[in-house]
Amino acid sequence: MQSCELVTFVTAVACTMSQCYSEDELAVIAAVFSQLGDTLATILAQEQLCSNDKTSDTVPAPLV
């Protein structure tokens, strides 16, 4: 799927959902998807950090 097709699909899903759920329900759904995205990003960042630590001979820089 190309990037423009993906954003078009996501937009269509959002528009359809906005017609099927109340504002309160949509607020919860939006929060859930935001948390899902953040959690996936955290998992991927942690896995990348761990794989970089295994392949690196240098001391990692301190987190600031």
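The text that follows walks through the structure, step by step, so that each part is easy to find.

Procedures and definitions
- Residues numbered from 1 in each chain as written.
- Predicted model: local features only at pLDDT ≥ 70, side-chain atom pairs only at ≥ 80, totals over all residues.
- Heavy atoms only, no water.
- Helix = DSSP H or I, 4+ residues; strand = E, 2+ residues; numbered from the N terminus.
- Rg over C-alpha atoms; globule rule 2.2 N^0.38 Å.
- Buried < 20%, exposed > 50% of the residue type's maximum accessible area, 1.4 Å probe, protein only.
- Disulfide = S-S within 2.5 Å.

Brief notes about the overall build of the chain
In step 1: Counting its secondary structure elements, the chain contains two helices and zero strands.
In step 2: Whereas a compact globule of 64 residues would reach a radius of gyration of roughly 11 Å, the chain reaches 18 Å, over 25% beyond that.
In step 3: Along the three orthogonal principal directions, the C-alpha set of the chain runs to about 55 × 30 × 15 Å.
In step 4: The buried share among the 64 residues of the chain stands at 0%.

Remarks on the state of the cysteines
In step 1: Applying the stated criterion to the full structure yields zero disulfides.
In step 2: Here cysteine 4 stays free of any disulfide, with the sulfur of cysteine 15 as its closest cysteine sulfur at 16 Å.
In step 3: Classification of cysteine 4 by relative accessible area gives exposed; the value is 57%.
In step 4: In this model cysteine 15 remains outside any disulfide bridge; the closest cysteine sulfur is found in cysteine 20, 11 Å from its own.

Here's the deal with the environment of glutamate 25
In step 1: Relative to the helices and strands, glutamate 25 resides in helix α2 (residues 23-55).
In step 2: Note on glutamate 25: relative accessible area 41%, which makes it partly exposed.
In step 3: Considering only alpha carbons, one finds glutamate 25 and alanine 61, 36 residues apart in sequence, at a separation of 43 Å.

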